[in-house]
Amino acid sequence: MHSKLYAASAALFVMAMAPLASAQMPTWSAEQTEAWKVVQQSWVDDVAQNGKWPANYADPQMVVWSSEFAAPRGKDSAVRWTKFQNSQGKVIQYELSPQSISLSGDTAVVTYALTIVNQRGTDKPDWGKEAIVETLVRTTTGWKFLSSTSFALGK
């Protein structure tokens, strides 16, 4: 009896929370939308391998950390590693799923999920899923990335 009650309670909780998750993006303020557009454009430039990501998007004090690297790294290291990674393969498809944007003054914390398909040479495409948390700061020239961290969501 308790397990049925628990399952029913859990189902009601999930159904009650679903509208909150889907309502986040349409209720964004103009500032939140502006920050999200910068994140989206950074991905366009990253995938295009045109050299703009991260050089043109990063605050000089940017710190990046993901599971591929043993320790956090700064902007110069991120630029070097991005060039190297671009020489190794390419992104053939990706999708960003925004989760939230929190604003406080000139700081935005953006969370989103990424589904990405990479290909190296003629190898079979490699699918990945990540959760990403990025902190942006508003400068006189627009939003800049101050930090970025990501973790795999499994295969």
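Structural data are supplied above this passage.
Presented here is a report on the structure given in the accompanying data block.

Parameters at a glance
Residues numbered from 1 in each chain as written. Predicted model: local features only at pLDDT ≥ 70, side-chain atom pairs only at ≥ 80, totals over all residues. Heavy atoms only, no water. Salt bridge = Lys/Arg side-chain N within 4 Å of Asp/Glu carboxyl O. Helix = DSSP H or I, 4+ residues; strand = E, 2+ residues; numbered from the N terminus. Buried < 20%, exposed > 50% of the residue type's maximum accessible area, 1.4 Å probe, protein only. Core = buried A, V, L, I, M, F, W, Y, C linked by side-chain atoms within 4.5 Å. Contact = heavy atoms within 4.5 Å. Expected span 1.5 Å × (residues − 1). Pairing = 2+ DSSP bridges. Lys, Arg positive; Asp, Glu negative; His and termini not counted. Polar contact = N/O pair within 3.5 Å; in protein donor to acceptor, adjacent residues only side chain to side chain. Phe/Tyr/Trp six-rings, centres within 6.5 Å; stacked < 30°, edge-to-face > 60°. Lys NZ or Arg CZ within 6 Å of the ring centre and 35° of its normal.

### Focus: the pattern of salt bridges
Scanning all chains against the criterion turns up two salt bridges. The partner of Arg138 in a salt bridge is Glu31, with the nearest N and O atoms 2.9 Å apart. Pair noted here: Arg138 is in strand β5 (residues 126-139) and Glu31 is in helix α2 (residues 30-48), with a separation of 107 residues, a long-range link. On the accessibility criterion, Arg138 (24% relative accessible area) is partly exposed.

### So, the nonpolar core
The biggest cluster of nonpolar side chains holds 24 residues, and the ones touching the most others in it are Trp36, Val39, Trp43, Val110, Tyr112, Leu136 and Phe145. Those elements that provide at least two residues to this core are α2, β1 (58-65), β3 (90-104), β4 (107-119), β5 and β6 (142-152). Dropping the residues within four chain positions of it, Leu136 is found in contact with Ala35, Val38, Val39, Asp106, Thr107, Ala108, Val110, Trp143, Lys144, Phe145 and Leu146.

### Overview of helix α3 (residues 75-88)
Taking 1.5 Å per residue, 14 residues should reach 20 Å; α3 reaches 20 Å between its end C-alpha atoms and fits that length. Taken together, the buried positions of α3 are Ser77, Ala78, Val79 and Thr82. Residues of α3 that are buried sit in contact with α2, β1 and β2 (73-74).

### Digging into the sheet that holds β3
Read from one edge of the open sheet, six strands run β2-β1-β6-β5-β4-β3, paired in mixed fashion. Here the strands that pair on one side only, and so sit at the sheet edges, are β2 and β3. The sheet contact formed by β5 and β6 spans 10 bridges and is antiparallel. From the neighbouring strand, Glu130 faces β6, where its bridge partner is Ala152.

### Considering the side chain of Asp59
Mapped onto the fold, Asp59 is located in strand β1. Of the side chains bearing the opposite charge, Lys75 lies closest to the buried Asp59, which forms no salt bridge; the N-O distance is 8.0 Å. Within the structure, Asp59 has its side chain in polar contact with the backbone nitrogen of Gln61 (distance 2.8 Å). Apart from residues no more than four positions distant in its own chain, Asp59 is found in contact with Lys75, Val137, Lys144, Phe145 and Leu146.

### Comments concerning unusual backbone geometry
Among all residues save glycine, negative phi is the norm, and among peptide bonds the norm is trans. Cis peptide bonds are those with omega within 30 degrees of zero, and the linkage from Trp53 to Pro54 qualifies with -5°. Look at Gln49: it is not a glycine, yet its phi comes out positive at around 55°. Residue position: Gln49 is located in the loop between α2 and β1.

### Digging into α2
The terminal C-alpha atoms of α2 lie 27 Å apart, and with 19 residues this matches the ideal 27 Å at 1.5 Å per residue to within 8%. Of the positions making up α2, those classed as buried are Gln32, Ala35, Trp36, Val38, Val39, Ser42, Trp43, Asp45 and Asp46. In this structure, the buried side of α2 is in contact with α3, β3, β4, β5 and β6.

### Digging into the packing of aromatic side chains
Overall, the coordinates contain eight aromatic pairs when judged by the stated rule. On the numbers, 5.4 Å between centres and 75° between planes, the contact of Trp36 with Tyr112 is edge-to-face. Linking Trp36 in helix α2 with Tyr112 in strand β4, this pair joins segments that are 76 residues apart in sequence. An identical accessibility class is assigned to Trp36 and Tyr112; each is buried. One aromatic cluster is present, formed by Trp28, Trp36 and Tyr112 through successive ring pairs. Over the face of the ring belonging to Phe69 we find Arg73, whose NZ or CZ atom lies 3.6 Å from the ring centre.

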